[in-house]
Amino acid sequence: TTDFAEIVAKKNLKLTKGHIVASTLHRAKILAKSFSVFGLAYTPSTSSRDIGVSCTAGSTRPGQLLSSRLRAVKKRISKVKNLERVSRTARKLFNASAYPAATFGHPACGLTPDQLLKLERNALSCTGISPHGRCRETSLVVAFGLQGTPSARIIRETVQLWFQLLNTNSFSVSELTKAWKAARVSISNNTKLHKSIHGIMSNLIVILLRAGWFPYAFDRWIDREKNHWILNPQLSSTGVVAQIIRDTHFAQLPRISQHFNGLGMENGIDWEYSLRLLRSLRKTDYNRACALETIMCGAAWPGSRVQSINPLFSDLCPRCEASPETQLHAFWECPCNNNINDNTVKSTQNLARHAIWESETHPCLWLRGLLPAPRVHVD
């Protein structure tokens, strides 16, 4: 450092600012005092940043910068929320502006569960989907796609950066193997995994462990189905690997099946088929697309659901005035459906008896339009 200072001085340049990051703040103060003897003024700190990325030299997680960025995007989120009241397509501004501003540098420090939850809530607030009664996990997928949710993007970007680092070949394989094993053992022994994140390697290990994978080496992982993944940084597709990890994360959310009309989703949802109609309607019929989003997210409120929280509300169907207005009645049982002059309704009324038979076991399919994965994937 002193040699560098001499070179700078010979070029008539000045070192205007600098921070010293050590394993403890006490050591940083000692180093700062030593450098001051040579006329170098450094500020002792517990964390710092380089090219916008947080770093520490101690046992603390470098998350201060990311936390400040999450707080700083409040104005952007507020602007997008105002725009989504006019059109739900404003949600694209979240992906283009708010998300990158809030998560820049995240592979180096990772996100805590609370930070990820806050990020997802911010994303949901920009979708235009009614917050009353919606399912957070399915709403994010319906609005942004399975690979466009904040958690999916975080996984993909972290995996891509790890592959890029491996492609540089600027490391010793034996040393990296030892470091990976030591980090994995240390992280596995910590009940709060995110507190063990000190860089991209530990962050990737935490992501894999949360997904139920066993990363026993830096390029060899075992997934939840006991499949062995041997990764080649130059040949393996980072997108495919990240997608499988994200799918595993989502598959570990059994609570989505406990949401309103969510039974049947406990074994997974085939999102490719479930979202095809919605994608088509977004291009041709904005109003129907918005209505379908509300239904798929579990944010629809038939009379019976309203009465469950307000006993004074009448759940009688306002059309036939003969039966309680459940979602099954509104979509399939109400005789007034025969009077609707719409080809979509007319062409599906022959499925009413199937809907009535299976609505108790698979309401996610017949009442929310989400296709269970076992209905598509046959062994």
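Basis of the calculations
- Residues numbered from 1 in each chain as written.
- Predicted model: local features only at pLDDT ≥ 70, side-chain atom pairs only at ≥ 80, totals over all residues.
- Heavy atoms only, no water.
- Axes fitted to C-alpha atoms, helices over the stretch in contact; angles between N-to-C directions.
- Helix = DSSP H or I, 4+ residues; strand = E, 2+ residues; numbered from the N terminus.
- Parallel < 35°, antiparallel > 145°, perpendicular 65-115°, else oblique.
- Contact = heavy atoms within 4.5 Å.
- Nonpolar A, V, L, I, M, F, W, Y, C, P; charged D, E, K, R; others polar.
- Salt bridge = Lys/Arg side-chain N within 4 Å of Asp/Glu carboxyl O.
- Buried < 20%, exposed > 50% of the residue type's maximum accessible area, 1.4 Å probe, protein only.
- Pairing = 2+ DSSP bridges.
- 1 Å grid on protein atoms, 1.4 Å probe; cavity = no way out; pocket = protein on both sides within 12 Å on 5 of 7 lines; lining within 4 Å.
- Points joined across faces, edges and corners; volume = space filled by probe spheres on them.

Engineer: Help me get a handle on the packing of helix H3 (residues 64–72) against helix H5 (residues 92–103), residues and values and all.
Structural biologist: Between H3 and H5, the least distance of the axes is 7 Å, while the angle of their chain directions is 155°. Comparing their axes, H5 and H3 come out roughly antiparallel. Facing Leu 66, Arg 69 and Leu 70 of H3, the residues of H5 in contact are Ala 101, Ala 102 and Thr 103. A per-class count over the contact of H3 with H5 returns four nonpolar, one polar and one charged.

Engineer: Lay out the pattern of salt bridges in plain terms, naming residues and giving numbers.
Structural biologist: By the definition in use, this model includes 10 salt bridges. For Arg 282, the salt bridge identified is with Glu 293, shortest N-O distance 2.7 Å. Pair noted here: Arg 282 is in helix H14 (residues 276–284) and Glu 293 is in helix H15 (residues 286–296), with a separation of 11 residues, a long-range link. Judged by its relative accessible area of 36%, Arg 282 falls in the partly exposed class. Salt bridges sharing common partners tie together Arg 88, Arg 91, Arg 282 and Glu 293.

Engineer: Describe the pairing of strand E5 (residues 214–217), and please don't skip the residues or the numbers.
Structural biologist: Pairing geometry for E5 and strand E6 (residues 220–222), over two bridges, is antiparallel. Paired with Ala 217 across the bridge in E6 is Arg 220. Taking the residues that link successive antiparallel strands as the turn, the E5-E6 hairpin has two residues.

Engineer: Explain the layout of surface pockets to me, and be specific about the residues and the numbers.
Structural biologist: If you add up the space inside the largest pocket, you get close to 1,000 Å³. Lining the largest pocket are 29 residues, with Leu 277, Leu 292, Ile 295, Trp 332 and Thr 344 sitting closest to its centre. At the level of secondary structure, the elements contributing two or more residues to the lining of the largest pocket comprise helix H13 (271–274), H14, H15, helix H17 (327–333), helix H18 (343–346) and helix H20 (363–366). Broken down by element, the residue count for the lining of the largest pocket peaks at six residues, all from H15. Its residues assigned to classes, the lining of the largest pocket shows 18 nonpolar, seven polar and four charged.

Engineer: Mind laying out the sheet that holds E6, listing which residues take part and the relevant values?
Structural biologist: Strand order in the open sheet formed by three strands is E5-E6-E7, with antiparallel pairing between adjacent strands. Bordering the open sheet on either side are E5 and strand E7 (228–230), each of which pairs with just one other strand. Strand-to-strand, the axes of this sheet are offset by a mean angle of 20°, without reference to chain direction. As defined by bridge partners, E6 adjoins E7 across three bridges and the pair is classed as antiparallel. Counterpart to Arg 220 in the pairing with E7 is Ile 230.

Engineer: Explain the environment of Lys 178 to me, using residue names and the numbers behind them.
Structural biologist: Here Lys 178 is to be found in helix H10 (residues 173–188). Using a relative accessible area of 63% as the deciding quantity, one classes Lys 178 as exposed.

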